[in-house]
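Close look at the chain arrangement
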Amino acid sequence: MLSYVGAMWRCRYFWLSLVKIDLRTRYRRSVIGLGWSLLRPIMMTTVLCLVFRRFWQMDVAKFAPMLLGGLVVWDYIQITTKQGCQCFFQGEQYIRQHPAPIAIYPLRTALGETVHFLIALCVVLGLVWFLQGFANLPVLLSLVPTLGLLFLLAWSLALVAGVANVYFQDTQHLADVGFQILFYATPIIYPIEQLGNGRLAAMVRCNPLIPFFDLVREPIVHAHLPDPMTYARAGLTVLITVSMAMLVCNRAQRQLIFHL
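Residues numbered from 1 in each chain as written. Predicted model: local features only at pLDDT ≥ 70, side-chain atom pairs only at ≥ 80, totals over all residues. Heavy atoms only, no water.

1. Observations concerning the overall build of the protein chain
Summing up its helical and strand segments, the protein chain has 12 helices and zero strands in all. For the protein chain, the succession of helices and strands along the chain, N to C, is α-α-α-α-α-α-α-α-α-α-α-α. On C-alpha atoms alone, the protein chain measures out to a radius of gyration of 19 Å, which is about the 18 Å that the 2.2 N^0.38 rule sets for 260 residues. Over its C-alpha atoms, taken along the principal directions, the protein chain stretches across nearly 55 × 45 × 35 Å. Each of the 260 residues in the protein chain was classed as buried or not, and the buried ones make up 46%. (Helix = DSSP H or I, 4+ residues; strand = E, 2+ residues; numbered from the N terminus. Rg over C-alpha atoms; globule rule 2.2 N^0.38 Å. Buried < 20%, exposed > 50% of the residue type's maximum accessible area, 1.4 Å probe, protein only.)

2. Thoughts on the nonpolar core
Phe88, Leu150, Phe212 and Ile220 are the most contacted members of the largest nonpolar core, which totals 67 residues. At the level of secondary structure, the elements contributing two or more residues to this core comprise helix H3 (36-56), helix H4 (60-84), helix H5 (87-90), helix H7 (104-132), helix H8 (143-167), helix H9 (171-184), helix H11 (210-220) and helix H12 (228-252). At 11 residues, H4 tops the list of elements feeding residues into this core. Ignoring any residue separated from it by four or fewer positions in sequence, one finds Phe88 in contact with Ile95, Ile102, Tyr105, Pro106, Leu159, Gly162, Val163, Val166, Leu256 and Leu260. (Core = buried A, V, L, I, M, F, W, Y, C linked by side-chain atoms within 4.5 Å. Contact = heavy atoms within 4.5 Å.)

3. Some words on the packing of aromatic side chains
What the rule picks out here adds up to eight aromatic pairs. Geometrically, the ring pair formed by Tyr76 and Phe117 is stacked, given 4.5 Å between the ring centres and 15 degrees between the ring planes. Note that Tyr76 is positioned in helix H4 and Phe117 in helix H7, a separation of 41 residues in sequence. Judged by centre distance (5.8 Å) and plane angle (45 degrees), the rings of Phe151 and Trp155 are tilted. Here Phe151 and its partner Trp155 are both found in helix H8, four residues apart, which amounts to about one turn of the helix. Among the aromatic residues, ring-to-ring pairing joins Trp74, Phe179, Phe183 and Tyr184 into one connected group. (Phe/Tyr/Trp six-rings, centres within 6.5 Å; stacked < 30°, edge-to-face > 60°.)

Shown next as structure tokens:
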């Protein structure tokens, strides 16, 4: 594993240049530019606030930051995974020319989406500070390990999705359906406390993505440190996804080129 990571590091100028190219070409000749990555969560937050605020009987100053924070994390995970389905087809010409570690291609996808995620996170902070003030400043340092965990999760999911889509190209369509179902099984547009203690609430609490939303929302929206158990659950999820990605990467490194 250490030699593989070393090989990736030696290719750092290559995959960093790919990320720069992606960011430049994605919004070329666009007036708004990177602002398009913020438009969806902002518009979704506005519409859902109008629809669900009274339904959940929550104040806008609390509901809007909670909702926007959840949508930002959700978009980061699902967009990175769905774009990861195409990462090896997108880099096919490079894979055929040079036997570089294949993990750099989902890394390219994850890094590009991380830039958008960080910008969107700044918007969430701006909204919280506008509505609630700067009471959360001391606890924002807890976001540093959170961002690391989220990045490893997104990178691992993109790698697994990319390899799966090479061998079975309906993976990208299954991912669309799966994320659509998972969206409503994740407490993004509703507080999980509203579900009570029934079977539905128990099923939703089994969602492995919930700790990541709590790790972002707790310091930003509620201005207090996340519970250590939340970090433990998120870390366990990352450990499982990274292990899966390492196994898949090890098996696909030499054979992937023959299936492109």
